[in-house]
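# A structural walkthrough
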Amino acid sequence: MNRFGKAFEKGRALLPFVTAGDPDLETTRSLVLALEEAGADIIELGVPFSDPQADGPVIQAAGQRALEAGTTLSGVLEMVRSLRGVVSTPLVLMGYYNPILNYGEDRFARDAAEAGVAGVIVPDLPFDEGEDFYGVLEREGVDGILMVAPNSEEKRLIETGRRAKGFVYCVSLMGITGQESGLYDRMGDYIDRVKKHVTVPLVLGFGIDSPERAAKAAALVDGVVVGSAIVRLVERFGHDRKRLLNEVKSFAARLKGAIKP
Amino acid sequence: MSKKGYYAGFGGRFVPETLFPALEELETAYEKLRCDSSFQEELKGLLTKYSGRPTPLYFAGRLTGHLGGAKIYLKREDLNHTGAHKINNALGQALIAIRLGKKRIIAETGAGQHGVACATAAARFGLECRVFMGEEDMRRQALNVDRMLLLGAEVVPVSSGSRTLKDATNEAIRHWVAHVEDTHYIIGSVVGPHPYPAIVRDFQRVIGDETREQIIEAEGRLPDLLMACVGGGSNAIGLFHPFVDDAAVRMMGVEAAGKGIDTGQHAATLSAGRVGVLHGSRSYLLQDDDGQIIEAYSISAGLDYPGVGPEHSALMESGRVEYTSVTDREAVAAFSLLSRLEGIIPALESSHAVAQVIKTAPTLPRGTLVVVNLSGRGDKDINSVRPWLLEGVEA
């Protein structure tokens, strides 16, 4: 039933994030293979958008590079489809709502399912606005992953628990991706409040940029997402694919080592 | 669909979870304040004694004579303190911020009028104020940047994307996500997630409420046609809203056609856009085939926005309001004509509405009553217009 069951069976899960199409889709494809090799349990692929409200400068710039390289939503889906049967790690698309709405919700759900996408995260589509879309995804067999934040009120946590599919993405700070403010200071209370209402696995993400922070976060939940820190490597070594893959692999392996129970 | 926060399927609340508590707190507080007589009295006092309301409804006799058709009245929002209608909303929302116990306000700004209005309200109430402004707009509207600094606000340059209003809005939202507990975000137009479009409309409807009284006093009847420019659409909603149920009152919203809609360089969201989701609500948008937002273009920095308020999308689809567009050239010609015929220099934004009346008035019978919303004054635009005037653009 749970498409991500396996990912959380082997202990704390590592969920690396890269922006699809940064610097080009061919590199992203190689990154997925490298990340799987390094022990990633679920891989998140960002779908670039011109106006990413929840992202900090690092992922904004990655999206800009991807768009300048001509990346489109259909291009991303096609790349994922090409990985079907090649990787066994579940792939999750993370992207803003407008490109999906523009593509057509039904068509997107169908094509995502067909490409082998396991889950979809849409940060600007809360469950109340996304009732139709999340329903369509479910019918196609793709999990709509919901998010919660440190300040989420109990009534929203209850609703999230009732609707959650796959896992729930807990934002680990009050802010945007890649923010260096440090994780939420009452993290234990926060995760306890979420666990009271949510039974699917929980992952923490936003601002987790080092093996140390990953270990700290992983102690509380079932998995951690690391995005900006990996995207920064793509920014730095994107012109040299071999070097990039080595850097990302070794960073992912260090993260994986740090979060082992 | 009559879901909360929706206008016939447009609107909603498409935001990250972190913003939900703040939007709900704002909604609850606002529901109380809109019926709270002490709040309404305080706002009314400020609008009267501080901003100079009511603004006049002025009969533009020379313009009327020149065009030779409908009788043209101008609603003089340019005579507000700070020079535009934006202060109506800034004062109202600053009062909300105080009632919510928030000590800091943030705002996005394009032309700088909303930024100046917020900086003014912040100074008046001793609030800390931070205004996000695209680097390109800071260059185009340097005077307003200086005004904001003088008023004690911090102006944050935004260098992402197109470096204009849409990017300033993204940055303001990002900042708000990270500081939502002590900060109130004053959105400057009838856009954004619910309840913003309703709050901004309620603070701007004073324009239409006054117009209604004033035209009845002057002419003994309701107007036949209302005209206003539409970027996000707050001055237009403000004028239109109190007349929406008066079926005999025709309404026209005027968008910026920039260099011409067929050139792709324009800001005519309703005339040439498609439905999508940007900045928290579902409405018409300028977007490409892949759903990426297209940069808008207009000579007027205040209309240079690729979205539009959700209520406008609903008013267009129902046919209640007609939406047209005028080009940079037509707006500049109107800017110049109104200056010379009436001694009133209109903002380039408002000049779009004036340009439309220049086209429409001659086709209407004498005695037809038209009200044009003169949403702001044009001193800030002299530099943008100078090259055109040297070229000899005329109406």
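Above this note sits the structure.
Quick look at the structure, then. Treat the numbers as computed from the prediction; the structure is a model and nothing was measured.

### Focus: the overall build of chain B
When helices and strands are counted, chain B shows 16 helices and 14 strands. Its C-alpha radius of gyration of 19 Å places chain B within 12% of the 21 Å reference for a compact globule of 395 residues. For chain B, the C-alpha atoms occupy an extent of roughly 55 × 45 × 45 Å along the three principal directions. The buried share among the 395 residues of chain B stands at 66%. Across chain B, every contact between residues at least 6 apart in sequence was considered, and the portion connecting residues at least 24 apart equals 74%. Summed over its atoms, the accessible surface of chain B is roughly 13500 Å², and 51% of this surface lies on carbon and sulfur atoms.

### What about empty space enclosed by the protein?
All names here are of chain A. Tallying each qualifying case throughout the model produces 10 cavities of 30 Å³ or more. Computed from the structure, the largest cavity encloses a volume of approximately 420 Å³. Residue composition of the lining of the largest cavity, grouped by class: 11 nonpolar, 18 polar and four charged. Within this model, the second largest cavity holds a volume of roughly 300 Å³. Along the wall of the second largest cavity there are 32 residues; nearest its centre are Phe17, Asp55, Ile59, Thr177 and Ser228. When grouped by side-chain class, the residues that make up the lining of the second largest cavity number 15 nonpolar, 11 polar and six charged.

### Quick notes on the sheet that holds strand E4 (residues 71-76) of chain B
Residues and elements named next belong to chain B. Taken in spatial order, the six strands of this open sheet run E3-E4-E14-E9-E10-E13, and their pairing is mixed. Two strands bound the open sheet, and with one partner strand each, they are strand E3 (57-59) and strand E13 (322-327). Neighbour-to-neighbour, the strand axes of the sheet open up by a mean angle of 30 degrees, direction not taken into account. Contacts between helix H10 (residues 206-219) and the sheet are confined to E3, E4 and strand E14 (369-374), with E4 contributing the most and set at about 140 degrees to the helix. Relative to E13, helix H14 (residues 328-342) is tilted by about 85 degrees, and along the sheet it contacts E3, E4, strand E10 (250-258), E13 and E14.

### What to know about the pattern of salt bridges
All names here are of chain B. As enumerated under the stated definition, the model contains 54 salt bridges over all chains in all. A salt bridge links Arg13 to Glu24; the nearest nitrogen and oxygen atoms lie 3.9 Å apart. Within this pair, whereas Arg13 is found in the loop between strand E2 (10-11) and helix H1 (20-33), its partner Glu24 is found in helix H1, the two being separated by 11 residues in sequence. Of the residues examined, Glu24 reaches a relative accessible area of 15% and is grouped as buried. Of the charged contacts in the structure, one is a salt bridge between Asp379 and Arg377, with a shortest N-O distance of 3.6 Å. A residue is classified by how much of its surface remains accessible, and Asp379, at 46% relative accessible area, is partly exposed.

### Comments concerning the interface of chain B and chain A
Taken together, the contact between chain B and chain A spans 37 residues of the former and 37 residues of the latter. Roughly 3000 Å² is buried in total at the junction of chain B and chain A, and carbon and sulfur atoms are behind 46% of that figure. The three residues of chain B that bury the most area against chain A are Glu17, Arg174 and Asp290 of chain B, which together make up 23% of that side's buried surface. Where chain B packs against chain A, one counts three salt bridges. On the surface where chain B and chain A come into contact, there are 18 residue pairs in polar contact (both at pLDDT 80 or more). Counting residues per element, the ones that place at least two in the side of chain B that touches chain A are H1, helix H8 (165-179), strand E11 (274-278) and strand E12 (281-285) of chain B. For the side of chain B that touches chain A, the element with the most residues is H8 of chain B, which contributes seven residues.

### Brief notes about the packing of helix H7 (residues 154-163) of chain A against helix H8 (residues 187-197) of chain A
Residue and element names in this part refer to chain A. For the pair H7 and H8, the least separation of the axes is 8 Å and the interaxial angle reads 50 degrees. By the angle between their axes, H7 is oblique relative to H8. Both H7 and H8 take part in a crossing whose hand is right-handed. Residue-level contacts link Glu154, Leu157, Ile158 and Gly161 of H7 to Arg193, Val194, Lys196 and His197 of H8.

### So, helix H5 (residues 113-125) of chain B
Residue and element names in this part refer to chain B. Taking 1.5 Å per residue as the helical rise, H5 with its 13 residues ought to reach 18 Å, and the 18 Å between its terminal C-alpha atoms agrees with that figure. Among the 13 residues that make up H5, 11 are buried, leaving the element largely enclosed by the rest of the structure. By the burial criterion, the buried members of H5 are Gln113, His114, Gly115, Val116, Ala117, Cys118, Ala119, Thr120, Ala121, Ala122 and Phe125. Each element contacted by the buried residues of H5 is listed here: helix H2 (37-49), helix H4 (86-99), strand E5 (104-109), strand E6 (128-134) and helix H7 (142-150). Downstream of H5 by one or two residues, Gly126 has phi in the positive range, about 70 degrees.

### Regarding the packing of aromatic side chains
Within the structure shown, the criterion is met by 17 aromatic pairs over all chains. Each residue in the set Tyr97, Tyr103, Phe108, Phe133 and Tyr134 of chain A together with Phe14 of chain B is aromatic and connected to the rest through ring pairs, giving one cluster. We note Arg107 of chain A situated over the ring of Tyr103 of chain A; from NZ or CZ to the ring centre the distance is 3.7 Å. Over the aromatic face of Tyr297 of chain B sits the side chain of Lys259 of chain B, whose NZ or CZ is 5.0 Å from the ring centroid.

### Describing the side chain of Thr27 of chain A
Among the secondary structure elements, Thr27 of chain A is positioned in helix H1 (residues 25-37). For Thr27 of chain A, a relative accessible area of 2% gives the class buried.

### Considerations on the packing of H4 of chain B against H5 of chain B
All names here are of chain B. Remark: H4 packs on H5, axes separated minimally by 9 Å, with the N-to-C direction vectors making an angle of 40 degrees. Between H4 and H5, the interaxial angle falls into the category oblique. The two elements H4 and H5 meet at a crossing, and its hand is right-handed. Of the residues in H5, those touching H4 at Lys86, Ile87, Asn89, Ala90, Leu91, Ala94, Leu95 and Ile98 are Gln113, His114, Ala117, Cys118, Thr120, Ala121 and Phe125. Among the residues making up the contact of H4 with H5, the classes are represented as 10 nonpolar, four polar and one charged.

### A word on the pairing of E11 of chain B
All names here are of chain B. Where E11 and E12 come together, five bridges link them in antiparallel fashion. Each bridged residue has a counterpart across the sheet, and for Val275 the counterpart in E12 is Tyr284. Counting the residues between successive antiparallel strands, the hairpin from E11 to E12 contains two residues, one of them, His279, with a positive phi of roughly 50 degrees.

### Thoughts on the sheet that holds strand E6 (residues 168-171) of chain A
Residues and elements named next belong to chain A. An order of E1-E2-E3-E4-E5-E6-E7-E8 is seen for the eight strands of this closed barrel, with the pairing classed as parallel. Taken pair by pair, the neighbouring strands of this sheet meet at an average axis angle of 25 degrees, ignoring direction. Taken strand by strand, H8 contacts strand E5 (143-148), E6 and strand E7 (202-205), and its axis lies near 145 degrees from that of E7.

### Here's the deal with the layout of surface pockets
Residues and elements named next belong to chain B. As a volume, the largest pocket reaches approximately 500 Å³. Around the largest pocket sit 17 residues that line it, and Lys44, Leu47, Val206, Asp209 and Glu210 are the ones nearest its centre. For the lining of the largest pocket, the secondary-structure elements that each account for two or more residues are H2, helix H9 (196-204) and H10.

Quick notes on the rules
- Residues numbered from 1 in each chain as written.
- Chains lettered and ligands numbered in written order.
- Predicted model: local features only at pLDDT ≥ 70, side-chain atom pairs only at ≥ 80, totals over all residues.
- Heavy atoms only, no water.
- Helix = DSSP H or I, 4+ residues; strand = E, 2+ residues; numbered from the N terminus.
- Rg over C-alpha atoms; globule rule 2.2 N^0.38 Å.
- Buried < 20%, exposed > 50% of the residue type's maximum accessible area, 1.4 Å probe, protein only.
- Contact = heavy atoms within 4.5 Å.
- Areas by Shrake-Rupley, 256 points an atom, 1.4 Å probe, with all protein chains shown as cover.
- 1 Å grid on protein atoms, 1.4 Å probe; cavity = no way out; pocket = protein on both sides within 12 Å on 5 of 7 lines; lining within 4 Å.
- Points joined across faces, edges and corners; volume = space filled by probe spheres on them.
- Nonpolar A, V, L, I, M, F, W, Y, C, P; charged D, E, K, R; others polar.
- Pairing = 2+ DSSP bridges.
- Axes fitted to C-alpha atoms, helices over the stretch in contact; angles between N-to-C directions.
- Salt bridge = Lys/Arg side-chain N within 4 Å of Asp/Glu carboxyl O.
- Buried area = accessible area lost by both parts, 1.4 Å probe.
- Polar contact = N/O pair within 3.5 Å; in protein donor to acceptor, adjacent residues only side chain to side chain.
- Parallel < 35°, antiparallel > 145°, perpendicular 65-115°, else oblique.
- Left-handed = near helix turned anticlockwise from the far one by under 90°.
- Expected span 1.5 Å × (residues − 1).
- Phe/Tyr/Trp six-rings, centres within 6.5 Å; stacked < 30°, edge-to-face > 60°.
- Lys NZ or Arg CZ within 6 Å of the ring centre and 35° of its normal.

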